[in-house]
Amino acid sequence: MLIWPNVKKLMLRYFTQIKWYTILVMLGVYSLSSWCLLFLAGETELLGLVDFFYWLIVTGSTVGYGDMSPTTDAGKWIVALYVIPTGLSIFALVVGRVASWVGKQWQKGARGMHSLNLKNHVLLIGWNGKRTEQLLRLLLIEREDVPGTPEIVLCVRADIENPMPGDIAFVKVDSFNQDHDMDRACVETASIIIIDNPHDDMTMTTSLYCSQRNPKAHKVSYFDDESLVGLLKQHCPEIECTPSVAVEMLAKSAFDPGSSLLHHDLLDVYEGQAQFSATIPDQVTNVNAGVLFSKLKQEYDATFIGYASSKDRHKIKVNPPSSETLQGEDKIFYIAGKRVNNINWSAIQQA
């Protein structure tokens, strides 16, 4: 009575650890032996190369179309006692191994173990629970109006699975400043890098690393401690830093009631008016601010609120005088119901 459980465990361990090349050898031996037995049985109608493999697969997998079948008594015994039982065992083994491989690949993807091959994607580095999930939802909405609809990649160190499978790509790493880890997230080919870690010191080191690996990408870093923004700017002036403005909003709302609601509405992508930006093409010159304001309102129902010169992207001039002149590659900021992607800059320049 104790022999069968031991045999069962041995067989289970063997079939679990069996290699693919062993399965291919088994298939080869099974096919060759089946052909030889049918040949000895005189089943000449089943021995053609194409007909034999078609019949063997259909019969061994028990599909059984019935369009081809043995005609001799010996052939019927061979099929009943050898071809079908052996073929069904091998077929079940192959299907099981394929299903197991597919399941493991899916799990690796959900756990972020795969290496990606992407370009011009949005790379979000860091995990802050519900805040990161909300940020991902906002990014998914924002990208819909962006030409090319870039992929969004979440890169984390936390022990989690992909929070939005099917919507974003996911990579889990051991470190945010090791090349072999960050290469899996394609940090060098990202067009936008957002760094939002639970701790400011991690955000600082990750920002410095990303600046060195991908100086051309637009990088945004979030800090709870505003004093670190100036320190990072000394080393990486191209990084846009977004410190917490909760205290400033409290003071503004105290003397200008509704200010917090206004700013929330401008940042909300779900409803209401939102704030967007656009870059003036480099071939366009001498755009009058007053004309730009009028044209955006008349043609696109958008409100021009300010701009950043191409010479200093980090200095925003809000509500510029109507006589102000903008140049090519300046970035304008406006309020609209949705992003405007087809601004007729030639008409605005000539007005």
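As the structure is a computational prediction, the values presented were derived from the model and not from experiment. (Residues numbered from 1 in each chain as written. Predicted model: local features only at pLDDT ≥ 70, side-chain atom pairs only at ≥ 80, totals over all residues. Heavy atoms only, no water.)

Section: the packing of helix H2 (residues 20–41) against helix H3 (residues 49–60)
Here is step 1: It is the contact of H2 with H3, at a shortest axis distance of 11 Å, that shows an interaxial angle of 110°. Here H2 is positioned roughly perpendicular relative to H3, judged by the angle of their axes. Residue-level contacts link Tyr30, Ser31, Ser34, Trp35 and Leu38 of H2 to Phe52, Phe53, Trp55, Leu56 and Gly60 of H3.
Here is step 2: When its residues are assigned to classes, the contact of H2 with H3 shows 7 nonpolar, 3 polar and no charged. (Axes fitted to C-alpha atoms, helices over the stretch in contact; angles between N-to-C directions. Helix = DSSP H or I, 4+ residues; strand = E, 2+ residues; numbered from the N terminus. Parallel < 35°, antiparallel > 145°, perpendicular 65-115°, else oblique. Contact = heavy atoms within 4.5 Å. Nonpolar A, V, L, I, M, F, W, Y, C, P; charged D, E, K, R; others polar.)

Quick word on the pattern of salt bridges
Here is step 1: As enumerated under the stated definition, the model contains 10 salt bridges in all.
Here is step 2: Between Lys130 and Glu133 there is a salt bridge, with its nearest N and O atoms 4.0 Å apart. Pair noted here: Lys130 and Glu133 are both in helix H5 (residues 130–142), with a separation of 3 residues, about one helical turn.
Here is step 3: Lys297 is the partner of Asp301 in a salt bridge, and the nearest nitrogen-oxygen pair spans 3.9 Å. (Salt bridge = Lys/Arg side-chain N within 4 Å of Asp/Glu carboxyl O.)

Concerning the packing of helix H7 (residues 200–213) against helix H8 (residues 227–235)
Here is step 1: In contact at an axis separation of 11 Å, H7 and H8 are set at 15° when each is read in the N-to-C sense. By the angle between their directions, the pair H7 and H8 is classed as roughly parallel. As H7 runs across H8, the sense of the crossing is right-handed. Packed against H7, whose contacting residues are Asp200, Met204, Ser207 and Leu208, the element H8 presents Leu228, Leu231, Leu232 and His235 at the interface.
Here is step 2: Of the residues that constitute the contact of H7 with H8, the class distribution is 5 nonpolar, 2 polar and 1 charged. (Left-handed = near helix turned anticlockwise from the far one by under 90°.)

Focus on a nonpolar patch on the surface
Here is step 1: Taken together, the side chains of Trp35, Leu37, Phe39 and Leu40 define a hydrophobic patch exposed on the protein surface, amounting to about 410 Å² of accessible area.
Here is step 2: Structurally, Leu40 can be placed in helix H2.
Here is step 3: Exposure remark for Leu40: the relative accessible area of 70% places this residue in the exposed category. (Patch = residues over 30% accessible without salt bridge, like charges linked within 9 Å, V, L, I, M, F, W, Y side chains within 5 Å. Areas by Shrake-Rupley, 256 points an atom, 1.4 Å probe, with all protein chains shown as cover. Buried < 20%, exposed > 50% of the residue type's maximum accessible area, 1.4 Å probe, protein only.)

Considerations on the sheet that holds strand E5 (residues 218–223)
Either a parallel or an antiparallel arrangement is found when strands of a sheet pair, and the pairing is made through backbone hydrogen bonds.
Here is step 1: Reading across the sheet, the 6 strands line up as E3-E2-E1-E4-E5-E6 and stay open at both edges, with parallel pairing between neighbours. The outermost strands of the open sheet, each flanked by one partner alone, are strand E3 (169–172) and strand E6 (240–243). Direction aside, neighbouring strands of the sheet carry axes that sit 15° apart on average.
Here is step 2: Two strands pair when backbone bridges link them, and strand E1 (residues 122–125) and strand E2 (residues 152–156) are joined in this way by 4 bridges, in the parallel orientation. Bridge assignment links Ile125 to a residue of E2, and that residue is Cys155.
Here is step 3: Its contacts with the sheet put H5 on E1, E2, strand E4 (192–195) and E5, and the angle it makes with E2 is roughly 165°.
Here is step 4: On top of the sheet, H8 reaches E5 and E6; it is set at about 175° to E6, its chief contact. (Pairing = 2+ DSSP bridges.)

Observations concerning the UniProt feature "transmembrane region" (unreviewed entry) in the protein chain
Here is step 1: The feature "transmembrane region" (unreviewed entry), as given by UniProt, occupies residues 20–40, 47–65 and 77–99 in the numbering adopted here.
Here is step 2: Taken end to end, residues 77–99 is 100% helix and 0% strand, and its first and last C-alpha atoms sit 32 Å apart. (UniProt positions renumbered as here; feature names shortened; annotations may be inferred.)

Focus on the sheet that holds strand E7 (residues 274–279)
Here is step 1: The 4 strands lie next to each other as E7-E12-E9-E10, forming an open sheet whose pairing is antiparallel. Either end of the sheet is taken by a strand with one partner, and the two such strands are E7 and strand E10 (316–318). Across the sheet, the axes of successive neighbouring strands diverge by a mean angle of 30°, strand direction being ignored.
Here is step 2: Pairing of strand E9 (residues 303–308) with strand E12 (residues 331–336), which is carried by 5 bridges, proceeds in the antiparallel orientation. Residue pairing across strands places Gly306 opposite Phe333, the latter belonging to E12.
Here is step 3: Along the sheet, helix H11 (residues 289–300) makes contact with E9 and E12, crossing E9 at roughly 140°.

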